[in-house]
Amino acid sequence: MKLGSILIVMLLLFHLPVSGQNNTIDMSGFVFDKETGEALVGANVFIKELNYGGSTNISGYFVIPDIPKGKYTLVCSYIGFRTFSKVYETVENCDGCITIELESEALQTEEVVVSADSINTIDKLFIKPVSKINLTPAQINQIPKVVEADLLRALQTMPGIVSLSDFSSALYVRGGTPDQNLYLIDGTDVYNPEHAFGIFSTFNTNAIKKVEISKGGFGAEYGGRLSSVLDVTNLDGNRNNFEGVFNLSLLSASTTLQTPIGSIGSLSGSFRRTYIDQTLAKAIDDVPDYYFYDTNLKAFFDLGKKDKLTISFFNSLDDLDFSLDKDAEESLSFLYDWGNTTASVNWKHIFSSKLFASFWVTGSRFESNFDFEAVSLAEENYLSDYAFKAAAEYYYSTEMTFKFGAEQKVLHERYDQISNQQLIQIENNRQHSTAYASAVWKPLPVWNIEGGVRMNYFNTDTTFLNIEPRFSLKYRLTENSNLKFATGYYHQYLNRIQRLFFSSIWATANKYNDESSSWHFILGYQRAIAGDLEFEIETYFKNYDNIYQYNENVATDIKPSYYDNNGRPVYTTTNNVFKSGDGKSYGIEFLLRKDKGALTGWVSYALSRTEYEFGRQNQGDAFVPRHDRSHVVNGVMNVDLDNVWNEFSGDAFETDDSKWTLGLNFIYASGQPITVPGSAYYINTLPDWNSLTGGADSSPGYGLYPAAINSYRLPDYIRMDVSVTYEKDYGSWSIAPYLQIFNIGNRGNTWFIQYNEEFENGALKQEIEKVNMLPLLPSLGVTIKF
Amino acid sequence: MKKLVLFLLLALFVTACGDPAVDVQEVEYRPRITVEAYVYPGEQIKDIVLTRNFELEQPIDTAAILLLPNVNQVNATINGVPLVFDPSTFTYYTNIIGDYNTSYELKVSARIDGIDLETSAVTTTPSPGFDLLDNDLGDLIYRENPANIKFTPSPGTDFYAFSIRAENATLDNFIYDNPFIPDLTREDLEDTFNDFRYQYNLLINVDSYSSVPLEYEVLGLDTWFYSNYSVIVYAGDKNFKDFVLTAKQVQQPDGNFIEPAFHLEGDGIGVFASAVRDTLTFNLLQNN
């Protein structure tokens, strides 16, 4: 009720005349990329004479409210684009009437580096919300990769974001688990965004326009997850010309095409498919028939100055047809496929120059199917949501902006497992209603204070109502430094059963499993160094209440709901599937980043610790989870070899139609915690096996008892990757072959260890089999742009 | 400058080389009382094994593994009745005859490495009712005649373990042309013979109040020899179930160890469980 009252008051407020506004007027409009017509997000727009302004929102829309009527020089700057400057006269009822088109400019050129009008590094840092990281598609593609460019793997090079292994693209953000990350693609939730058993993510980097990840302390407009938000916006499409990109790697072929739709809009489409099922798998018996593909389609319609419409569609599929012996008439075999489908319609409308609103209708579906006929086991795993969302920004005055919105989501979860011995049939419909409101107050140019509240109502077989306060503060400490603070309370109503190689199963909070919650506290310091270097320190603390882990001994605890006609137990709830506990994460992160010039990249260091307490587990003592990393050092470097020395020596850059680029990626991470056996004991698996000399489990007569949970650490993880790209321009098209070497040092980073025990000289000796992650892995590819 | 950068890159490269060894020698050892004891209705409670856990990598003092009354000051009781040590079998027993649907509490205290340890556990025997309908299935043709085991359950007991033993398995009567593991050679088999010879399978959470007999079909993956088979079926209690499901499944696919679900309080590990048991036989033949 309290939140509802606030919302009503705010809505009324927006219709009240603001005192002193009669002689003032608003300037508002859109900023686009002149070449492609794409809206530019986060572009800095200001009035030169008044020396104040704002930045564009997700739609490229900006408002400079309450300025005296007259003629002004509007200056707009954006990284990688020539600074725009033009005199405008204010007009009544403008409502987005100004259109600014920025001309693209190569990042490496000296002009941009020294451009006085470009947005200052410190201003850019000030605008950026606490703990938010932006990556451009170009930056993602420049990081040396495992065969394919991958968004999530690129994010793993940032401080506070770690992976579990080379085989996983999952993100562990500041001690949180992957299920605590909200993945959004064009405003739509994506569940299990994984290809190839998690090695790659489903985000096609060529289709991406913008990526933002918030590692914590995010504002009231986001919610539903405890740790982070990854917000991906796909390309709207080139509104002026047809253009395309074609990629060929050792694993897949992909293409992205963009075209205008007359004068009313644009269309973009991306398609990627692996081809080993059509090549290697046909020649080599041991290579299974496996492929994945993903498709992104997006249409943008300009319905007038006040209305923009986008329709977005995404679909991915992984398909595995495994047979132990492909040539045999009868062989152990199984089928497994999984994939995501999302769709969204987004309408943006300018109600007045001060009130900008977006409305979405979204749908998202994840589905996997497994069929292992030899053991009569089949599984269907399904999760879908349909949502209606509204979000508005009201530019009340130069000092005050209000943001508010609401979302109504219907979730449908279904998990079916059929075997001769049991059935699991879990099917639930859930409703999630949210509303939020926040106010951004800039009392002085050096202050930016944002306070908000988000309300969640989650309806399952019971109901949850949670109010989440959010607060952030930004302060310009000096001309070159900022101080930032953020805090917030977050709730999550979804839990994930993570499985090795198999896609995760999602379950919702219910009468057995309460909602999870977390408080975030983040303090940051930012400094601009030598003009274009960004230096950031962030320290954080977050706690977890009632988080869930899969109960490894679930088979001992679950009870059937009923029995079917064949007497098989049927399970219909997730009771006892999860263990609940509490925890905390804390740490400090350092980031030095350079986005402009012939040498770009970042160096970071993160010191962190995460601790869990799960009831009687580990004798009731706290323990670190598997993804805890004490120390992580990342270094990412992208070098324009033709100009890097010119930049350091202050010489003019060479401009040529060809370019050599070197990419480097280095990572050091403390070893992964693991639980090891602490002792052994004599015992038989079954009572009658006392008389036997061996057992089916290869451990005759004895068992291993674990030491304290995750008390041992595997060796440190260290890896260096290198890539070399040669790009040649041929007028309207270019070709860029590349060579990448993953793990160039061929370091044997330990993935996990297995044990073979043997009685030797009166002792139970453990022969440790070390299973390494990826070795040195060279790959070739080519990118063609036209 | 160039030299500095090259030196730095070279240093990073060298750091990113190598194959570090994994050495898990320094793991803290904590002594435990290991219990292996079962109660069967209608049978004397005996063959109770009390041992201690032992350190890995260190020579096992076999003489010190067994917990002996005099050496380890063992004090063990079931429902307050002291256990008696049988030096001929190195096991403990009582004269208590197990009964159906009865709870038994085991208490053990012992001194290990100079440390006084205690453990206790409770098991409740199943109700009467478990019965195999046919104890001899006769001759069965491999993958043509399934071995269907029919039984009436013990009301309230939803866990059944099937110990499947190829009684006269040899390398000669192994089913080499099975559809599950192609190209298995005689040499491969020599090292893993017992892994194929002794199998077990489980029925979990069955309808123990079913008005019709329950069925279990021995799977192709359970029979690897043309042989006589014995199948010992246990109707086990919660302790039995949790021990069988978790004791040997402590290492997950990613190499991490997890705690088994023992039902021993204090310093104990192992199993104190109860079950009703019965045996069935069949003879598996090749299809000619």
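Numbering of residues begins from 1 in every chain and follows the order in which that chain's sequence is written. Chains and ligands are labelled sequentially in the order written, the chains with letters from A and the ligands with numbers from 1. With pLDDT at 70 or above as the cut-off, local features in this predicted model cover only qualifying residues; side-chain atom pairs require 80 or more to be listed or tallied, and sums for whole chains, interfaces and linings still use all residues.

(A) Representation of the overall build of chain B within the structure. Helix and strand counts for chain B stand at 4 helices and 17 strands. Our radius of gyration is a C-alpha quantity, and the globule rule it is checked against amounts to 2.2 Å times the number of residues to the power 0.38. Taken against the 2.2 N^0.38 rule, which gives 19 Å for 288 residues, the C-alpha radius of gyration of chain B at 25 Å runs more than 25% over that of a compact globule. For the C-alpha atoms alone, the extent of chain B along its principal axes is close to 85 × 60 × 35 Å. When burial is assessed residue by residue, chain B has 38% of its 288 residues classed as buried. A pair of residues counts as a contact when their C-beta atoms, built from backbone coordinates, are within 7 Å of each other. A sequence separation of at least 24 residues applies to 76% of the contacts in chain B between residues at least 6 apart. Secondary structure elements are taken from DSSP: a helix is a run of H or I of four residues or more, a strand is a run of E of two residues or more, and numbering for both begins at the N terminus. Three exposure classes are used, all based on how many other C-beta atoms lie within 10 Å of a residue's own C-beta (placed from the backbone): buried at 20 or more, exposed at 12 or fewer, and partly exposed between those limits.

(B) Local environment of the overall build of chain A. Within chain A, the regular secondary structure consists of 8 helices and 48 strands. Here chain A has a C-alpha radius of gyration of 28 Å; the compact-globule value for 786 residues is 28 Å, and the two agree. The principal-axis extents of the C-alpha atoms in chain A amount to approximately 100 × 65 × 50 Å. Within the span of chain A, comprising 786 residues, buried residues form 47% of the whole. The long-range share in chain A, meaning contacts at least 24 apart out of those at least 6 apart in sequence, stands at 64%.

(C) Molecular detail of the interface of chain A and chain B. Contacts between the two partners involve 74 residues from chain A, matched on the other side by 66 residues from chain B. Counting only elements with at least two residues in the side of chain A that touches chain B, the list comes to helix 7 (554-557), strand 41 (677-682), strand 42 (702-706), strand 44 (717-730), strand 46 (750-760) and strand 47 (763-772) of chain A. Along the lines of polarity and charge, the residues of the side of chain A that touches chain B split into 38 nonpolar, 25 polar and 11 charged. Each residue gets one of three labels, nonpolar for Ala, Val, Leu, Ile, Met, Phe, Trp, Tyr, Cys and Pro, charged for Asp, Glu, Lys and Arg, and polar for the others, Gly among them.

(D) Inspection of the pairing of strand 11 (residues 148-152) of chain B at higher detail. All names here are of chain B. Residues of strand 11 alternate between two faces, with Ile149 and Phe151 buried on one and Asn148, Lys150 and Thr152 left unburied on the opposite face. Inspection of the sheet shows strand 9 (residues 131-132) paired to strand 11 by 2 bridges, in the antiparallel sense. The residue of strand 11 that forms the bridge with Asp131 is Thr152. Pairing of strand 11 with strand 14 (residues 214-217), which is carried by 4 bridges, proceeds in the antiparallel orientation. Across the sheet, Asn148 pairs through a bridge with Glu217, a residue of strand 14. Strands are treated as partners if at least two bridges between them are detected by DSSP.

(E) View of the confidence of the model for chain B. Residues at a pLDDT of 70 or more form 100% of chain B, whose mean pLDDT is 91. Two summary scores accompany this predicted model of the complex, namely pTM at 0.87 and ipTM at 0.91. Per residue, pLDDT measures the predictor's confidence, with a range of 0 to 100.

(F) Region of interest: the sheet that holds strand 7 (residues 103-112) of chain B. On the basis of which strands lie adjacent, the open sheet formed by 5 strands has the order 4-3-7-8-16 (chain B) and antiparallel pairing. Here the strands that pair on one side only, and so sit at the sheet edges, are strand 4 (81-82) and strand 16 (265-266) of chain B.

(G) Quick look at the nonpolar core. Among buried residues, those of type Ala, Val, Leu, Ile, Met, Phe, Trp, Tyr and Cys that are joined through C-beta atoms within 7 Å form a set called a nonpolar core. Core analysis: the biggest nonpolar cluster contains 76 residues, and Val35(B), Leu50(B) and Tyr160(B) have the highest contact counts within it. The element that contributes the greatest number of residues to this core is strand 17 (residues 268-285) of chain B, accounting for 9 residues. Every residue in contact with Val35(B), bar those within four places of it in the chain, is listed here: Leu50(B), Leu106(B), Val108(B), Thr119(B), Ala121(B), Leu264(B), Gly268(B), Gly270(B), Val271(B) and Phe272(B). Core analysis: the next-biggest nonpolar cluster, separate from the first, contains 53 residues, Ile161(A), Val173(A), Val644(A) and Ala669(A) among them.

(H) Examining the domain arrangement of chain A more closely. All names here are of chain A. Taken as a whole, chain A is organised into domain 1 (2-119), domain 2 (127-231) and domain 3 (673-778). The centre of domain 2, based on its C-alpha atoms, is set 26 Å off from the matching centre of domain 3. At the junction of the two partners, domain 2 supplies 6 residues and domain 3 supplies 9 residues. Taken together, the residues of the side of domain 2 that touches domain 3 break down into 3 nonpolar, 1 polar and 2 charged. Here the limits of each domain have been adopted from an automatic or database domain assignment.

(I) Quick peek at the pairing of strand 37 (residues 599-613) of chain A. All names here are of chain A. In this sheet, strand 37 lies alongside strand 36 (residues 578-594) in antiparallel orientation, the contact comprising 13 bridges. The residue bridging Asp582 from the neighbouring strand is Glu613, located in strand 37. Here strand 36 folds back onto strand 37, and the loop between the two strands holds 4 residues, one of which, Gly597, carries a positive phi near 105°. Here 9 bridges tie strand 37 to strand 38 (residues 631-640), and the two strands are oriented antiparallel to one another. Among the inter-strand pairings, Tyr605 is bridged to a residue of strand 38, identified as Val633.

(J) Broad picture of the sheet that holds strand 9 of chain B. Spatial strand order, 9-11-14 (chain B): 3 strands in an open sheet with antiparallel pairing. Since the sheet does not close on itself, it has two edges, and those belong to strand 9 and strand 14 of chain B, each with one partner.

(K) Representation of helix 1 (residues 2-15) of chain B within the structure. The span expected for a helix works out to 1.5 Å for each residue beyond the first. In this model, helix 1 of chain B (14 residues) spans 20 Å end to end at C-alpha, consistent with the 20 Å of a helix rising 1.5 Å per residue. Summarising burial for helix 1 of chain B: 0 of the 14 residues are buried, a small minority.

(L) Structural detail: unusual backbone geometry. Residue and element names in this part refer to chain B. Of note, Glu57 is a non-glycine position whose phi angle comes to about 75°, a positive value. Within the element layout of this structure, Glu57 appears in the loop between strand 2 (49-52) and helix 2 (62-65). The class for Glu57 is exposed, based on 12 C-beta atoms found within 10 Å.

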